[in-house]
Amino acid sequence: MGRGTEQLIKKKIKSVSSTMHITRAMEMVATAKLNKLQRMVKNFYDYEKNFSDVFARVVGAASDFNSPLIYKKEPKKTLLVVFTGDMGLCGSYNNDVIDYSYKFADKLGEKFAGFYVIGSRAKSRMSFDKRKIRYSVVNAYGTPSYDDAQSFANELVDIYLSKEDVDSIKIVQGYSKNPLVQLVKVEDFLPIKPIKNSNNSTSVYDYEPQPSELLNEILPQYLGTRMFRIMLEARVAEQNARQNAMRNATENAKELVKDLTLKYNKARQAYITQEIIEVTNGSEALKDA
Amino acid sequence: MFKVRIITPQKRVFDGEAVFVEFKTVEGAMGTLQKRAPFLGALAISELEIEKSGGEREKFAIHGGIAEFSQNTLTILSDTAERADEIDIERARRALEKAKIELKNAEDEKSKKDLEGKIQRATVRLKVANRK
């Protein structure tokens, strides 16, 4: 042990604590983004709740409704939309979503038509794994907006209606079970499964236009609403995951600094003790002479 | 008097009471007073006008959506609803001109429909903003 070890440890402490500053800053950024998202979610749930009430009433009234968007027979070709983030540093979140989508695609087997990839994370990994990417969007929907959700939903409807080899669209997304646990689920987007008719209101409504036409008018809005929910949920899960990952990183760095400081002090003490021994030994030797 | 709520995915734009509300469904103009029979309608991209108890009137630009009247409450659910003073007139004017030019050059049906929607939205915005 000498001055060298001390210097080495000192350098390490410095580098670990600067990393700690960065991870702490990133944790705070994630927290701020999460707060913003949660405000959006709260406002949106107000809208969504009212909208689904109205939607269920219209569906209940439109008995003769017919649209290619409604589920009729078992789909043969499924396009999987995979929602991931554009940034890493959020633990295993992105990879969990991708792994889940691989598993799901394998399960579909013949019925799998390709991936629609959102987020650069999934795109780079899937091209590396040579998976079948049919469409991709990167660096979009960072902060989801309803307009984005609506136009993305419309795009999916277009694909669903115009592509011969796609007759079903499912969405793989992460969601927060609670702030500490992020899970992955798959949701049917198109065709729309027959919606439960919860028409328990006794009053008779005036409709303008007729219920089936009215339903046709608001179907895009319904899909946009669902898409916005999916986008928000996925983003909240991502930010939660990032917040947790960065908090853990900061905690670990703190521990590391503590250990290293102890090591540094020990090394310094050992060096001093050794020097004292040398000095006293020297003087003892002189005394005897 | 009846309750009126205008809800968008972003926020509650209006939550209050009114004596008369005028709006447009896809089939034509409509107005409602209190205690109307239950009603459900698809809204056009149009103006919506609320008359409050003091006779004071407030205008909104509504970008489609759905209107429901039930239990003496009118609920408007729309992608976007803007008060007259929230509208950026310059921006709407520019958007309108741009969309008009693009429409002339548009070829396929889908982009034509999109552009027509844009023109409608910009027109309604201008209409509402100019008549505060």
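The rules behind each value
Here the residue numbers are simple positions, counted from 1 along each chain's written sequence. Chains carry letters and ligands carry numbers; both start at the beginning, A for chains and 1 for ligands, and go up in the order they are written. Per-residue local features of the predicted model are confined to residues with pLDDT of at least 70, and side-chain atom pairs are confined, for both listing and counting, to 80 or more; whole-chain, interface and lining totals are unaffected and use all residues. Residues are defined as contacting one another if the C-beta atoms placed from their backbone atoms lie within 7 Å. Only DSSP runs of H or I covering at least 4 residues are called helices, and only runs of E covering at least 2 are called strands; the numbering of each starts at the N terminus. Ten residue types, Ala, Val, Leu, Ile, Met, Phe, Trp, Tyr, Cys and Pro, are classed as nonpolar, four, Asp, Glu, Lys and Arg, as charged, and the remainder, Gly among them, as polar. One requirement defines pairing of two strands: DSSP has to find at least two bridges between them. Burial is judged by counting other C-beta atoms within 10 Å of a residue's own C-beta: 20 or more means buried, 12 or fewer means exposed, and anything between counts as partly exposed, with every C-beta placed from the backbone. Orient the strands so they point away from the viewer, and a crossover whose first-strand-to-second-strand path over the helix runs clockwise is right-handed. Summary of the metric used: pLDDT quantifies the predictor's per-residue confidence within the range 0 to 100. By construction, the arc corresponds to the directions joining the helix axis to the C-beta atoms. Note on definitions: angles span 0 to 180 degrees between N-to-C directions of axes, and those axes are lines fitted to C-alpha atoms, for helices only across the stretch in contact. Each domain span listed reflects an automatic or database assignment of domains. Roughly parallel means an angle under 35 degrees; roughly antiparallel, over 145; roughly perpendicular, 65 to 115; everything else is oblique. Crossing handedness is read from the near helix: turned anticlockwise from the far helix by less than a right angle, it gives a left-handed crossing, and turned clockwise, a right-handed one.

1. A few points about the interface of chain B and chain A
Then step 1. Facing 22 residues of chain B, the contacting portion of chain A comprises 23 residues.
Then step 2. Of all the secondary structure elements, the ones that give two or more residues to the side of chain B that touches chain A are strand S5 (39-51), strand S6 (57-70) and strand S7 (73-77) of chain B.
Then step 3. Of the residues contributing to the side of chain B that touches chain A, the split by class is 10 nonpolar, 7 polar and 5 charged.
Then step 4. Where strand S6 (residues 206-208) of chain A and S5(B) come together, 3 bridges link them in parallel fashion. Bridge pairing in S5(B) links A:Asp206 to B:Phe39.

2. Here we look at the pairing of strand S2 (residues 112-118) of chain A
Residues and elements named next belong to chain A.
Then step 1. Buried residues dominate S2, accounting for 5 of its 7 residues.
Then step 2. Bridge analysis of strand S1 (residues 78-83) against S2 gives 6 bridges, and the strand direction is parallel. In the strand pairing of S2, leucine 79 is matched with glycine 114.
Then step 3. Handedness of the crossover joining S1 and S2 through helix H2 (residues 93-108): right-handed.
Then step 4. The pairing of S2 with strand S3 (residues 133-137) spans 4 bridges and is parallel. Across the sheet, residue phenylalanine 115 finds its bridge partner in S3, namely isoleucine 133.
Then step 5. One crossover worth recording links S2 to the parallel S3 by way of helix H3 (residues 120-128), and it is right-handed.

3. With respect to the confidence of the model for chain B
Then step 1. Mean pLDDT for chain B: 87, with 98% of residues reaching 70 or above.
Then step 2. In the model output, the complex is listed with pTM 0.87 alongside ipTM 0.84.

4. Examining H3(A)
All names here are of chain A.
Then step 1. Buried within H3 are the following residues: Arg121, Ala122 and Met126. What you see down the axis of H3 is that its buried residues fit within an arc of 110°, all on one side. Along H3, the residues that are exposed and aim more than 90 degrees away from the buried face are Ser124, Ser127 and Phe128.
Then step 2. Structurally, H3 contributes buried residues whose contacts are with S1, H2, S2 and S3.
Then step 3. Lysine 130, located one to two residues past H3, shows a positive phi value of around 55°.

5. Digging into unusual backbone geometry
Then step 1. Of note, the bond from A:Leu190 into A:Pro191 is cis; its omega dihedral lies within 30 degrees of zero at -10°.
Then step 2. Its place among the elements puts A:Pro191 in the loop between strand S5 (181-190) and S6.
Then step 3. A cis amide bond, omega -5°, links A:Glu208 with the succeeding residue A:Pro209.
Then step 4. Mapped onto the elements, A:Pro209 comes out in the loop between S6 and helix H5 (211-288).
Then step 5. In the Ramachandran plot, B:Asn72 falls in the positive-phi region, its phi being about 55° despite a non-glycine side chain.
Then step 6. Relative to the elements of secondary structure, B:Asn72 occurs in the loop between S6 and S7.

6. Quick look at the sheet that holds S5(A)
Residues and elements named next belong to chain A.
Then step 1. Pairing within the open sheet is mixed, and its 5 strands lie in the order S3-S2-S1-S4-S5. Two strands bound the open sheet, and with one partner strand each, they are S3 and S5. For this sheet, the mean angle separating the axes of adjacent strands, direction not counted, is 25°.
Then step 2. Packed on one face of the sheet, helix H4 (residues 146-162) meets S1, strand S4 (168-178) and S5 and runs near 50° to S5.

7. Points about the domain arrangement of chain A
Then step 1. On domain assignment, one finds that chain A holds domain 1 (3-25 + 246-288) and domain 2 (30-244).
Then step 2. Inter-centroid distance (C-alpha atoms) of domain 1 of chain A to domain 2 of chain A is 53 Å.

8. Let's talk about the domain arrangement of chain B
All names here are of chain B.
Then step 1. Partitioning chain B into domains gives domain 1 (2-84) and domain 2 (88-130).
Then step 2. Measuring from the centre of the C-alpha atoms in domain 1 to the corresponding centre in domain 2 gives 23 Å.
Then step 3. Contacts between the two partners involve 9 residues from domain 1, matched on the other side by 7 residues from domain 2.
Then step 4. When residues of the side of domain 1 that touches domain 2 are traced back to their parent elements, those giving at least two are S5 and S6.

9. Some thoughts on the packing of helix H1 (residues 89-105) of chain B against helix H2 (residues 109-130) of chain B
Residues and elements named next belong to chain B.
Then step 1. At their nearest, the axes of H1 and H2 sit 9 Å apart, and the two run at 150° to each other. Considered as vectors, H1 and H2 are oriented roughly antiparallel to each other. The crossing of H1 and H2 is left-handed. Across the interface between the two elements, Ile89, Ala92, Arg93, Ala95, Leu96, Ala99, Lys100, Glu102 and Leu103 of H1 pack against Lys112, Leu115, Glu116, Lys118, Ile119, Ala122, Thr123, Arg125, Leu126 and Ala129 of H2.
Then step 2. Considered class by class, the residues forming the contact of H1 with H2 number 11 nonpolar, 1 polar and 7 charged.

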